[in-house]
Amino acid sequence: MKSESEGYIVPFTQNPQYHSVLRHHADMINNGSQESLPEAQDCKDVQQSYHQVIQDLAKDL
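Asks: Can you help me understand the pattern of salt bridges in this one?
Replies: Side chains carrying opposite charge are able to pair once their charged atoms draw close together. If you walk through the whole model with that rule in mind, you get two salt bridges. Linking aspartate 27 and arginine 23 is a salt bridge whose minimum nitrogen-to-oxygen distance equals 3.1 Å. Placement of both aspartate 27 and arginine 23 in helix H2 (residues 16-36) is noted, with a separation of four residues, approximately one turn of the helix. With its nearest N and O atoms 3.5 Å apart, the salt bridge here joins lysine 59 to aspartate 56. Of this pair, lysine 59 and aspartate 56 are both found in helix H3 (residues 40-60), three residues apart, which corresponds to roughly one turn of the helix. Using a relative accessible area of 62% as the deciding quantity, one classes lysine 59 as exposed.

Right under this line is the structure:
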C-alpha cells in the first residue's frame with residue numbers, strides 16, 4: 001500500500017501531466033493509509049514514502 005512504486009517511476013517521467021497523475025495517486029495512497037492502517041508505525045512508514053515521492057516530484061519539475 002506504500003507509495004514506493006510512484007517513487008521508482010518519478011525519475012522516468014518528464015511530462016508534467018504524468019507528475020500530476022503520480023501526485024494524485026500518492027495522495028490517495030497516503031490518505032487511504034491514514035484511514036485504514038491500524039498501526040501507527042505503518043502510517044508513519046507510508047507518510048515517509050509519501051513525502052519522498054513529493055520531494056522527488058518537486059525536484060523533477
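Asks: Explain the nonpolar core here, please?
Replies: Nonpolar side chains tend toward joint burial in soluble globular proteins. By size, the foremost hydrophobic cluster in this structure holds seven residues: Val10, Leu22, Ala26, Tyr50, Val53, Ile54 and Leu57. Secondary-structure elements contributing two or more residues to this core are H2 and H3. With four residues, H3 is the largest single contributor of residues to this core.

Asks: Just to check I follow, could you spell out H2 for this structure?
Replies: For the α-helix, the turn length of 3.6 residues means that residues three or four positions removed from each other point alike. Here H2 contains 21 residues, and its C-alpha end-to-end distance of 30 Å stays within 8% of the 30 Å for a straight helix at 1.5 Å per residue. For H2, the capping residue at the N-terminal end is asparagine 15, with a side-chain oxygen 2.7 Å from the backbone nitrogen of glutamine 17.

Criteria and thresholds
Residues numbered from 1 in each chain as written. Predicted model: local features only at pLDDT ≥ 70, side-chain atom pairs only at ≥ 80, totals over all residues. Heavy atoms only, no water. Salt bridge = Lys/Arg side-chain N within 4 Å of Asp/Glu carboxyl O. Helix = DSSP H or I, 4+ residues; strand = E, 2+ residues; numbered from the N terminus. Buried < 20%, exposed > 50% of the residue type's maximum accessible area, 1.4 Å probe, protein only. Core = buried A, V, L, I, M, F, W, Y, C linked by side-chain atoms within 4.5 Å. Expected span 1.5 Å × (residues − 1). Polar contact = N/O pair within 3.5 Å; in protein donor to acceptor, adjacent residues only side chain to side chain.

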